[in-house]
Amino acid sequence: MTYAAEPGSLPVADPADLDRQIPDTVLEGARHGTYTLRAASVRGDSARYRGEARRDFLLTARFGTGDDALVLVALAGGDRAAPGAREAAAEVCHGVASAIGRSQERLAADIRSGRRDALRSGLQRLTDRGYGRLRARAAELGLAEEDYTAGLRGLLLPVDPQCRTRVCFGTGAGGLFRLRAGQWQDLEPGPDPREPAAEDPADGGFRFRASVARPGDTLLLCSGGLADPMREEALLPAALAARWAEPEPPGLAAFLADTQLRVKGYADDRTAAAVWEA
(Lines give C-alpha, C1' and ligand atoms only; values in the text may rest on other atoms or scores of the structure.)
Protein backbone atom coordinates (compact mmCIF):
# COMPACT_ATOMS: atom_id res chain seq x y z
CA MET A 1 0.00 0.00 0.00
CA THR A 2 1.22 3.50 -0.80
CA TYR A 3 0.20 5.94 1.92
CA ALA A 4 -0.48 9.64 1.55
CA ALA A 5 2.43 11.95 2.27
CA GLU A 6 0.57 13.95 4.93
CA PRO A 7 -1.32 12.88 8.10
CA GLY A 8 -4.78 11.41 7.67
CA SER A 9 -6.99 10.43 10.58
CA LEU A 10 -6.32 11.64 14.12
CA PRO A 11 -6.09 9.01 16.87
CA VAL A 12 -9.21 8.51 18.98
CA ALA A 13 -9.12 10.66 22.14
CA ASP A 14 -10.31 9.74 25.63
CA PRO A 15 -12.12 12.77 27.12
CA ALA A 16 -11.25 11.55 30.63
CA ASP A 17 -7.53 11.25 29.88
CA LEU A 18 -6.49 14.06 27.56
CA ASP A 19 -3.06 14.29 29.19
CA ARG A 20 -2.19 11.15 27.23
CA GLN A 21 -2.77 12.78 23.86
CA ILE A 22 0.32 12.24 21.73
CA PRO A 23 1.32 14.78 19.04
CA ASP A 24 2.03 13.58 15.52
CA THR A 25 5.49 15.19 15.57
CA VAL A 26 8.07 16.32 18.15
CA LEU A 27 10.95 18.59 17.11
CA GLU A 28 13.94 19.70 19.15
CA GLY A 29 17.25 21.47 18.63
CA ALA A 30 20.21 22.96 20.49
CA ARG A 31 23.74 24.30 20.07
CA HIS A 32 26.41 23.59 22.69
CA GLY A 33 30.17 23.76 22.56
CA THR A 34 31.34 22.65 19.13
CA TYR A 35 28.18 20.86 17.99
CA THR A 36 24.63 21.48 16.81
CA LEU A 37 21.86 19.05 17.70
CA ARG A 38 18.68 18.37 15.75
CA ALA A 39 16.11 15.78 16.84
CA ALA A 40 12.66 14.74 15.65
CA SER A 41 10.08 12.02 16.22
CA VAL A 42 7.40 11.58 13.55
CA ARG A 43 4.35 9.35 13.34
CA GLY A 44 4.77 6.78 10.57
CA ASP A 45 2.71 6.68 7.38
CA SER A 46 0.92 3.55 8.55
CA ALA A 47 -0.12 5.08 11.89
CA ARG A 48 -1.24 8.27 10.14
CA TYR A 49 -3.39 6.29 7.73
CA ARG A 50 -4.95 4.12 10.45
CA GLY A 51 -5.51 6.92 12.94
CA GLU A 52 -3.12 5.40 15.46
CA ALA A 53 -0.90 7.29 17.88
CA ARG A 54 2.87 7.58 17.45
CA ARG A 55 4.62 4.79 19.37
CA ASP A 56 8.17 6.12 19.21
CA PHE A 57 9.33 8.36 22.05
CA LEU A 58 11.97 11.12 22.12
CA LEU A 59 13.52 12.79 25.16
CA THR A 60 16.21 15.48 25.18
CA ALA A 61 17.66 16.95 28.37
CA ARG A 62 20.63 18.93 29.68
CA PHE A 63 21.88 17.85 33.09
CA GLY A 64 24.11 20.19 35.05
CA THR A 65 25.51 23.63 34.27
CA GLY A 66 28.68 25.06 32.79
CA ASP A 67 31.29 22.89 31.14
CA ASP A 68 30.43 19.94 33.41
CA ALA A 69 26.94 19.62 31.91
CA LEU A 70 25.85 16.69 29.78
CA VAL A 71 23.24 16.67 27.02
CA LEU A 72 21.28 13.44 26.73
CA VAL A 73 19.18 12.31 23.79
CA ALA A 74 17.12 9.21 24.50
CA LEU A 75 14.84 7.64 21.91
CA ALA A 76 12.89 4.43 21.87
CA GLY A 77 10.55 2.58 19.54
CA GLY A 78 8.56 -0.62 19.83
CA ASP A 79 6.75 -3.02 17.56
CA ARG A 80 3.67 -1.25 16.22
CA ALA A 81 1.65 -4.43 16.77
CA ALA A 82 2.53 -4.60 20.50
CA PRO A 83 -0.21 -3.15 22.71
CA GLY A 84 2.16 -1.52 25.21
CA ALA A 85 4.82 -0.24 22.80
CA ARG A 86 4.21 3.48 23.32
CA GLU A 87 4.04 3.29 27.10
CA ALA A 88 7.11 1.07 27.25
CA ALA A 89 9.10 3.46 25.03
CA ALA A 90 8.25 6.43 27.25
CA GLU A 91 8.93 4.49 30.46
CA VAL A 92 12.33 3.19 29.45
CA CYS A 93 13.45 6.64 28.22
CA HIS A 94 12.28 8.35 31.42
CA GLY A 95 13.81 5.71 33.67
CA VAL A 96 17.22 5.68 32.03
CA ALA A 97 17.28 9.49 31.68
CA SER A 98 16.48 9.99 35.37
CA ALA A 99 19.28 7.63 36.36
CA ILE A 100 21.74 9.41 34.05
CA GLY A 101 20.71 12.78 35.46
CA ARG A 102 21.43 11.58 38.99
CA SER A 103 24.83 10.23 37.84
CA GLN A 104 25.72 13.23 35.68
CA GLU A 105 28.84 14.33 37.56
CA ARG A 106 30.42 10.87 37.55
CA LEU A 107 29.51 10.23 33.91
CA ALA A 108 30.91 13.62 32.84
CA ALA A 109 34.17 12.85 34.66
CA ASP A 110 34.40 9.40 33.06
CA ILE A 111 33.82 10.87 29.58
CA ARG A 112 36.45 13.58 30.09
CA SER A 113 38.99 11.06 31.40
CA GLY A 114 38.31 8.51 28.67
CA ARG A 115 37.30 5.76 31.13
CA ARG A 116 35.43 3.70 28.55
CA ASP A 117 35.18 0.51 30.58
CA ALA A 118 33.60 2.42 33.45
CA LEU A 119 31.20 4.13 31.05
CA ARG A 120 30.22 0.87 29.41
CA SER A 121 29.56 -0.96 32.66
CA GLY A 122 27.75 2.00 34.24
CA LEU A 123 25.46 2.63 31.28
CA GLN A 124 24.74 -1.06 30.86
CA ARG A 125 23.77 -1.28 34.52
CA LEU A 126 21.40 1.69 34.16
CA THR A 127 19.91 0.22 30.99
CA ASP A 128 19.42 -3.20 32.57
CA ARG A 129 17.57 -1.60 35.47
CA GLY A 130 15.31 0.23 33.03
CA TYR A 131 14.38 -3.00 31.28
CA GLY A 132 13.90 -4.72 34.61
CA ARG A 133 11.24 -2.15 35.43
CA LEU A 134 9.60 -2.78 32.05
CA ARG A 135 9.38 -6.50 32.78
CA ALA A 136 7.86 -5.81 36.19
CA ARG A 137 5.34 -3.41 34.68
CA ALA A 138 4.39 -5.94 31.99
CA ALA A 139 3.63 -8.46 34.73
CA GLU A 140 1.45 -5.90 36.55
CA LEU A 141 -0.51 -5.26 33.35
CA GLY A 142 -0.86 -8.95 32.55
CA LEU A 143 1.10 -8.53 29.30
CA ALA A 144 3.79 -10.74 27.82
CA GLU A 145 7.24 -9.14 28.09
CA GLU A 146 7.50 -8.86 24.30
CA ASP A 147 4.27 -6.82 24.29
CA TYR A 148 5.68 -4.22 26.70
CA THR A 149 9.17 -3.39 25.46
CA ALA A 150 10.96 -1.06 23.06
CA GLY A 151 14.38 -0.66 21.49
CA LEU A 152 16.40 2.10 23.19
CA ARG A 153 19.18 4.36 21.98
CA GLY A 154 20.92 7.01 24.08
CA LEU A 155 23.50 9.63 23.16
CA LEU A 156 25.60 11.55 25.70
CA LEU A 157 27.16 14.83 24.56
CA PRO A 158 29.45 16.85 26.85
CA VAL A 159 28.84 20.59 26.81
CA ASP A 160 32.58 21.25 27.36
CA PRO A 161 33.94 22.48 23.98
CA GLN A 162 37.31 20.88 24.81
CA CYS A 163 35.77 17.41 24.99
CA ARG A 164 34.74 15.88 21.67
CA THR A 165 33.92 12.40 22.98
CA ARG A 166 30.44 11.21 21.98
CA VAL A 167 28.93 8.23 23.79
CA CYS A 168 26.16 6.07 22.33
CA PHE A 169 24.49 3.12 24.04
CA GLY A 170 21.32 1.07 23.84
CA THR A 171 19.66 -2.20 22.99
CA GLY A 172 17.09 -3.58 20.56
CA ALA A 173 16.11 -2.08 17.22
CA GLY A 174 17.79 1.14 16.12
CA GLY A 175 21.01 2.39 14.63
CA LEU A 176 24.01 4.71 14.77
CA PHE A 177 25.56 6.14 11.61
CA ARG A 178 28.28 8.67 10.87
CA LEU A 179 28.61 10.87 7.81
CA ARG A 180 32.30 11.64 7.29
CA ALA A 181 33.79 13.15 4.15
CA GLY A 182 30.53 12.53 2.30
CA GLN A 183 30.40 8.80 3.12
CA TRP A 184 28.11 7.02 5.57
CA GLN A 185 29.54 4.55 8.08
CA ASP A 186 27.33 2.16 10.06
CA LEU A 187 28.74 2.36 13.59
CA GLU A 188 26.35 -0.01 15.27
CA PRO A 189 28.36 -2.75 16.91
CA GLY A 190 26.80 -6.15 17.44
CA PRO A 191 26.25 -7.58 20.92
CA ASP A 192 29.41 -7.66 23.03
CA PRO A 193 30.82 -11.22 22.75
CA ARG A 194 32.07 -10.92 26.34
CA GLU A 195 28.48 -10.54 27.58
CA PRO A 196 25.98 -13.39 28.01
CA ALA A 197 23.18 -13.63 25.47
CA ALA A 198 20.17 -11.45 26.24
CA GLU A 199 17.35 -13.27 28.00
CA ASP A 200 14.80 -11.38 25.92
CA PRO A 201 15.52 -11.71 22.17
CA ALA A 202 13.88 -8.30 21.67
CA ASP A 203 16.73 -6.72 23.64
CA GLY A 204 19.25 -7.70 20.98
CA GLY A 205 22.20 -7.32 23.40
CA PHE A 206 23.75 -4.17 24.83
CA ARG A 207 25.48 -1.82 22.41
CA PHE A 208 28.07 0.78 23.36
CA ARG A 209 30.34 3.11 21.45
CA ALA A 210 32.49 6.01 22.61
CA SER A 211 34.32 7.88 19.87
CA VAL A 212 36.08 11.18 19.30
CA ALA A 213 34.31 13.41 16.79
CA ARG A 214 36.18 15.16 14.02
CA PRO A 215 35.26 18.60 12.67
CA GLY A 216 32.77 18.13 9.85
CA ASP A 217 31.35 14.84 11.15
CA THR A 218 27.60 14.27 11.36
CA LEU A 219 26.40 11.61 13.78
CA LEU A 220 22.92 10.12 13.25
CA LEU A 221 21.14 8.15 15.98
CA CYS A 222 17.77 6.66 15.10
CA SER A 223 15.01 4.22 15.93
CA GLY A 224 14.36 1.14 13.84
CA GLY A 225 11.88 2.97 11.62
CA LEU A 226 14.74 5.00 10.11
CA ALA A 227 17.66 2.63 10.74
CA ASP A 228 16.11 -0.11 8.58
CA PRO A 229 15.82 1.93 5.35
CA MET A 230 19.23 3.51 6.05
CA ARG A 231 20.72 0.02 5.94
CA GLU A 232 18.52 -1.53 3.26
CA GLU A 233 17.82 1.23 0.71
CA ALA A 234 20.79 3.00 -0.88
CA LEU A 235 18.74 5.97 -2.09
CA LEU A 236 17.92 7.23 1.42
CA PRO A 237 21.48 7.57 2.78
CA ALA A 238 22.54 9.07 -0.55
CA ALA A 239 19.79 11.67 -0.37
CA LEU A 240 20.64 12.58 3.22
CA ALA A 241 24.35 12.84 2.40
CA ALA A 242 23.52 15.27 -0.40
CA ARG A 243 21.21 17.35 1.81
CA TRP A 244 23.75 17.48 4.62
CA ALA A 245 26.76 18.33 2.46
CA GLU A 246 26.56 22.02 3.38
CA PRO A 247 28.89 23.19 6.16
CA GLU A 248 25.98 24.67 8.13
CA PRO A 249 23.52 22.29 9.81
CA PRO A 250 19.91 22.39 8.59
CA GLY A 251 17.35 24.41 10.52
CA LEU A 252 14.61 22.67 12.45
CA ALA A 253 12.09 22.71 9.61
CA ALA A 254 14.63 21.42 7.09
CA PHE A 255 15.73 18.64 9.44
CA LEU A 256 12.14 17.57 9.94
CA ALA A 257 11.71 17.37 6.17
CA ASP A 258 14.90 15.32 5.89
CA THR A 259 13.73 12.76 8.43
CA GLN A 260 10.49 12.31 6.47
CA LEU A 261 12.06 11.38 3.14
CA ARG A 262 9.74 8.60 2.05
CA VAL A 263 10.83 5.12 1.03
CA LYS A 264 8.25 2.68 -0.31
CA GLY A 265 7.75 -0.26 2.01
CA TYR A 266 8.84 1.57 5.18
CA ALA A 267 5.90 3.08 7.04
CA ASP A 268 6.87 2.89 10.74
CA ASP A 269 7.41 5.81 13.09
CA ARG A 270 10.75 7.54 12.67
CA THR A 271 12.78 9.09 15.46
CA ALA A 272 16.22 10.55 14.84
CA ALA A 273 18.84 12.78 16.43
CA ALA A 274 21.72 14.20 14.41
CA VAL A 275 24.80 16.02 15.67
CA TRP A 276 26.84 18.32 13.44
CA GLU A 277 30.43 18.98 14.52
CA ALA A 278 31.78 22.47 13.83
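First, a word on scope: everything that follows refers to the structure included in this document. Worth saying up front: this structure is predicted, and the values here are computed from it rather than measured.

Rules used throughout
- Every chain's residues receive numbers from 1 upward, in the order its sequence appears when written.
- Restriction of local features to residues with pLDDT of at least 70 applies here, the model being predicted, together with a cutoff of 80 or more for giving and counting side-chain atom pairs; totals for whole chains, interfaces and linings are based on all residues.
- Side-chain numbers come from the whole structure's heavy atoms, not from hydrogens or water.
- Only DSSP runs of H or I covering at least 4 residues are called helices, and only runs of E covering at least 2 are called strands; the numbering of each starts at the N terminus.
- The cut-offs for exposure are 20% and 50% of the maximum accessible area for each residue type, with area from a 1.4 Å probe on protein chains only; residues under the lower value are buried, those over the upper are exposed, and the others partly exposed.
- Angles run from 0 to 180 degrees between N-to-C directions of axes, and those axes are lines fitted to C-alpha atoms, restricted for helices to the stretch in contact.
- For classification purposes, an angle smaller than 35 degrees is called roughly parallel, one larger than 145 roughly antiparallel, one from 65 to 115 roughly perpendicular, and anything else oblique.
- Between two residues, a contact is recorded if the distance between any of their heavy atoms is within 4.5 Å.
- Under the pairing criterion, centres of Phe, Tyr and Trp rings, with the six-membered ring standing for Trp, must be within 6.5 Å; the plane angle then separates stacked pairs below 30 degrees from edge-to-face pairs above 60, leaving the rest tilted.

## Some remarks on unusual backbone geometry
No. 1: Notably, Ala181 is not glycine yet its phi reads approximately 55 degrees, a positive angle.
No. 2: Of note, Ala181 is situated in the loop between β7 (175-180) and β8 (183-186).
No. 3: Judged by relative accessible area, which is 76%, Ala181 ranks as exposed.

## Description of the packing of helix α5 (residues 224-232) against helix α6 (residues 235-243)
The axes of two packed helices give the description: the angle between them and the distance between them.
No. 1: Closest axis-to-axis distance for the α5/α6 pair is 6 Å, and the angle between their directions is 100 degrees. By the angle between their directions, the pair α5 and α6 is classed as roughly perpendicular. For the pair formed by α5 and α6, the contact residues are Leu226, Pro229 and Met230 on the first element and Leu236, Pro237 and Leu240 on the second.

## Looking at the side chain of Asp24
No. 1: When you line up the elements, Asp24 lands in the segment before β1 (25-32).
No. 2: What Asp24 contacts, discounting residues up to four positions off in sequence, is Pro7, Ser41, Val42, Arg43, Arg48 and Arg54.

## What about the packing of aromatic side chains?
No. 1: Scanning all chains against the criterion turns up 5 aromatic pairs.
No. 2: Relative to Trp276, the ring of Phe255 has its centre 6.1 Å away and its plane inclined at 85 degrees; by these criteria the two rings are edge-to-face. In this pair, Phe255 sits in helix α7 (residues 252-259) while Trp276 sits in strand β11 (residues 270-277), placing the two residues 21 residues apart along the sequence.
No. 3: With relative accessibility at 0%, the residue Phe255 sits in the buried group.
No. 4: An aromatic cluster of three or more residues is present, and its members are Trp184, Trp244, Phe255 and Trp276.

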